[in-house]
Amino acid sequence: MRSVFAMRSSYEEQGIHFMGGLLPLSSERTVSGAFDLKLARDHLFIGDGESDFIGTWRGSRVQLYAVSRRAIDAIVNPKVAGVRIDRDTAARHSFGQLSPDAITFASGRRADFKERKRNLVVATGSTSALEATQRAMDRHLPAVDDLAGLDLRPLVTVCVREAVADAMWGEAASTPVRYVDRDGQTRSLPFAEALYENFLRLRKFANTYAMRVEPRLQHIAFTREQRLMRLNTRALRQHMSRMSNRSPDSTIAGRLELLHRASGFSPGIIRDDTATSFVAAVDTTRTSILATLKHVLAPVNTSWKARIAAVDSDAVDASAVVRACVMEAMRVDTPGSVFNGRVIEDFDLSVGDREIRLHRNTLIMPNIHAIHALGGPTFDPARLLTHSAEDTAPSVLPFGKGPRSCPGRSFATSMVAAFVAAFLRAYPNAHLDPTQPDNGYPIHTASEHGLVVVLRT
Ligand code: HEM
């Protein structure tokens, strides 16, 4: 078996540029710097716009990022993804503790993988996100007269969390469960809120230096916070096991249960695929809403705000203008990254007119941030509206691509479109507060700054 140093040398000999220092772990210091600047790890490794791959260390492993469209297409090709490259993500050691049997961590090589994925697409796609979104907005949107400025981050978070929970489980999402907060205080929280809060804590802990270097350490309860999160994880998993077989057929959980059971999937898989869909949905969807509002509420984009506001409320879901604004916002402020994969056997990957020898155990993933950066930092939905069928499709991949791409895409885009259009109807004079430094930061799932708007002129 090749050492990581031999692997790296082989890639450098094949012309792949490495970033982040010569020795294993060295890149983690650079990553800490990126977190300080409120950037996600993958923003650092976007390449020069010419290369196919960028290499670095991830902890003590060799990581390759596909950074050109053709390299991404090569590694997500169904003949490669789930055949010679399989899922291997450190996330299974962090928030994966909540749902270890979820599809997110499952091998794409299993014979039943395609059916499992199809069930998720059907269960999430056949739900109307619109009513759940509107109900949550009706509960939480503030009375306009009371507010000169408003941080949208907590407002959007609570609306999306409740709307997704409603679509996922119906009333059962509000069942109170015991939850231990960061101070060690035991409280009673609605089940979906407790699940989301514990997910956020697990993910935050995973971003610390030690856990990035050795993600498996997250399974050992060294710290008080780890012990508290573990208590919650156990209680939540027990609660979710008790919820099985009880979700109404009108909910995503109910439909997934019917489909997965008919396919012969175990109760553990049904439980964990439901839980993973909830956490995957809330975090990314609320980030996409914030990103879209950030752009359409900027004074320079008033014409796009007006075009969205002019769309009839019944036509929002199908509106090309609304979709173009949402996708373009996700291009400029990409919510999350795709999950990592691992090369499972040495093989030659065809990229354009050359072959690249990939070595077993190399971590490898598409860097969608690199593709998105090629379009530049300016929000311009027109580029998505004007391309003809003959043009190369614009490279906007916030949901990933290929066999592992997001099964909740249709649900998510409906929810983002519904929220943004309803918000603009409710607050036609809303605009970004130019005095707020927080508004200048990029928006992604792990960022914690606010998005402050003025609701009145
Ligand atoms: C705007 C919102 C969303 C964005 C930007 C997003 C993005 C993504 C991305 C980038 C991936 C990884 C793809 C890959 O590794 O190739 C993913 C996977 C996944 N997403 Fe989403 N997602 C969103 C909403 C949702 C929703 C609403 C659901 C379910 C209700 C969902 C469920 C999942 C699941 C289960 C996976 C794992 C798929 C697999 O392992 O094969 N996501 N998503």
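Everything here concerns the structure above.
Overview of the structure. The shown structure was predicted, so the numbers you read here are calculated from the model rather than taken from an experiment.

**What to know about the pairing of strand β10 (residues 354–358)**
Right, so step 1: Here strand β9 (residues 347–351) runs beside β10; their pairing, made up of five bridges, is antiparallel. The residue of β10 that forms the bridge with Leu 349 is Ile 356.
Right, so step 2: Here β9 folds back onto β10, and the loop between the two strands holds two residues, one of which, Gly 352, carries a positive phi near 60°.

**Here's the deal with a nonpolar patch on the surface**
Right, so step 1: Taken together, Phe 5, Leu 22 and Leu 23 make up a surface patch of nonpolar side chains, about 350 Å² in accessible area.
Right, so step 2: On the accessibility criterion, Leu 22 (67% relative accessible area) is exposed.

**Notes on the site of the ligand**
Right, so step 1: The full set close to the ligand counts 28 residues, and Arg 87, Lys 117, Ser 288, Arg 404 and Cys 406 are the nearest of them.
Right, so step 2: Contact between the ligand and Lys 117: an oxygen atom at 2.7 Å from a side-chain N or O atom of the residue.
Right, so step 3: One of the backbone N or O atoms of Phe 339 is found 3.0 Å from an oxygen atom in the ligand.
Right, so step 4: Among the elements of the structure, α4 (113–125), α11 (267–296) and α16 (409–426) are those that each provide at least two residues to the shell around the ligand.
Right, so step 5: Ranked by residue count, the leading element in the shell around the ligand is α11, at seven residues.

**Observations regarding the sheet that holds strand β8 (residues 341–343)**
Right, so step 1: Strands sit in the order β1-β2-β3-β11-β8-β4 across an open sheet of six strands; the sheet is mixed. At either end of the open sheet lies a strand with only one pairing partner, and these are β1 (17–18) and β4 (85–87).
Right, so step 2: Examined bridge by bridge, β8 and strand β11 (residues 363–366) share two bridges and lie antiparallel to one another. In the sheet register, Gly 341 faces β11, and the bridge partner there is Ile 364.
Right, so step 3: Along the sheet, helix α1 (residues 4–13) makes contact with β1, β2 (53–58) and β3 (61–66), crossing β3 at roughly 30°.
Right, so step 4: Contacting β2, β3, β4 and β11, helix α3 (residues 69–76) crosses the sheet at an angle of about 115° to β11.

**What about the environment of Val 213?**
Right, so step 1: Among the structural elements, Val 213 can be located in helix α8 (residues 209–213).
Right, so step 2: Residues Val 213 and Arg 409 lie 196 residues apart in sequence; the distance between their C-alpha atoms is 32 Å.
Right, so step 3: Leaving out residues up to four positions away in the same chain, Val 213 has contacts with Leu 25, Glu 28 and Gly 59.

**Describing unusual backbone geometry**
Right, so step 1: You will see that Asn 361, though not glycine, has its phi angle at about 80°, which is positive.
Right, so step 2: Within the secondary structure layout, Asn 361 lies in the loop between β10 and β11.

**Quick word on the environment of His 219**
Right, so step 1: You can see His 219 is positioned in the loop between α8 and α9 (224–243).
Right, so step 2: Given a relative accessible area of 38%, His 219 falls into the partly exposed group.
Right, so step 3: Filtering out sequence-adjacent residues up to four positions away, His 219 remains in contact with Arg 92, His 93, Gln 97 and Arg 230.

**Describing helix α7 (residues 191–206)**
Right, so step 1: Spanning 16 residues, α7 covers 23 Å between terminal C-alpha atoms, matching the ideal 22 Å at 1.5 Å per step.
Right, so step 2: Within α7, burial applies to Phe 191, Ala 192, Ala 194, Leu 195, Tyr 196, Asn 198, Phe 199, Arg 201, Leu 202, Arg 203, Phe 205 and Ala 206.
Right, so step 3: In this structure, the buried side of α7 is in contact with α6 (152–169), β6 (176–180), β7 (186–190), α8, α9 and α11.

**Concerning the pattern of salt bridges**
Right, so step 1: What the rule picks out here adds up to 26 salt bridges.
Right, so step 2: A salt bridge links Glu 162 to Arg 139; its shortest N-O distance comes to 3.0 Å. Of this pair, Glu 162 sits in helix α6 while Arg 139 sits in helix α5 (residues 129–140), placing them 23 residues apart in sequence.
Right, so step 3: Residue class for Glu 162 comes out partly exposed when judged on its relative accessible area of 23%.
Right, so step 4: Using a relative accessible area of 48% as the deciding quantity, one classes Arg 139 as partly exposed.
Right, so step 5: One network of salt bridges, with partners in common, ties together Arg 61, Asp 88, Arg 92 and Arg 342.

**A short note on the sheet that holds strand β5 (residues 149–151)**
Right, so step 1: One open sheet holds the three strands; their spatial order is β5-β13-β12, and the pairing between them is antiparallel. Single-partner strands in this sheet number two, and they are β5 and β12 (431–432).
Right, so step 2: Pairing analysis gives two bridges linking β12 to strand β13 (residues 452–454), with the strands arranged antiparallel. What sits directly across from His 431, in β13, is Val 454.

**Things to note about the packing of α11 against α16**
Right, so step 1: Axis separation between α11 and α16 bottoms out at 9 Å; the angle between their running directions is 40°. Regarding the angle of α11 to α16, the classification is oblique. Classified by chirality, the crossing of α16 by α11 is right-handed. On the side of α11, the interface is formed by Thr 285, Ser 288, Ile 289, Thr 292, Leu 293 and Val 296, while α16 contributes Ala 412, Met 415, Val 416, Phe 419, Val 420, Phe 423 and Leu 424.
Right, so step 2: Residue composition of the contact of α11 with α16, grouped by class: 10 nonpolar, three polar and no charged.

**Examining the pairing of β7**
Right, so step 1: In terms of strand pairing, β6 meets β7 through five bridges, oriented antiparallel. Paired with Arg 178 across the bridge in β7 is Ser 188.
Right, so step 2: Hairpin geometry of β6 and β7 is characterised by an intervening segment of five residues between the two adjacent antiparallel strands and by a positive phi of about 85° at Gly 184.

Cut-offs applied
- Residues numbered from 1 in each chain as written.
- Predicted model: local features only at pLDDT ≥ 70, side-chain atom pairs only at ≥ 80, totals over all residues.
- Heavy atoms only, no water.
- Pairing = 2+ DSSP bridges.
- Helix = DSSP H or I, 4+ residues; strand = E, 2+ residues; numbered from the N terminus.
- Patch = residues over 30% accessible without salt bridge, like charges linked within 9 Å, V, L, I, M, F, W, Y side chains within 5 Å.
- Areas by Shrake-Rupley, 256 points an atom, 1.4 Å probe, with all protein chains shown as cover.
- Salt bridge = Lys/Arg side-chain N within 4 Å of Asp/Glu carboxyl O.
- Buried < 20%, exposed > 50% of the residue type's maximum accessible area, 1.4 Å probe, protein only.
- Near = heavy atom within 4 Å.
- Polar contact = N/O pair within 3.5 Å; in protein donor to acceptor, adjacent residues only side chain to side chain.
- Contact = heavy atoms within 4.5 Å.
- Axes fitted to C-alpha atoms, helices over the stretch in contact; angles between N-to-C directions.
- Expected span 1.5 Å × (residues − 1).
- Parallel < 35°, antiparallel > 145°, perpendicular 65-115°, else oblique.
- Left-handed = near helix turned anticlockwise from the far one by under 90°.
- Nonpolar A, V, L, I, M, F, W, Y, C, P; charged D, E, K, R; others polar.

All quantities given are derived from atomic positions and should not be read as evidence of function.
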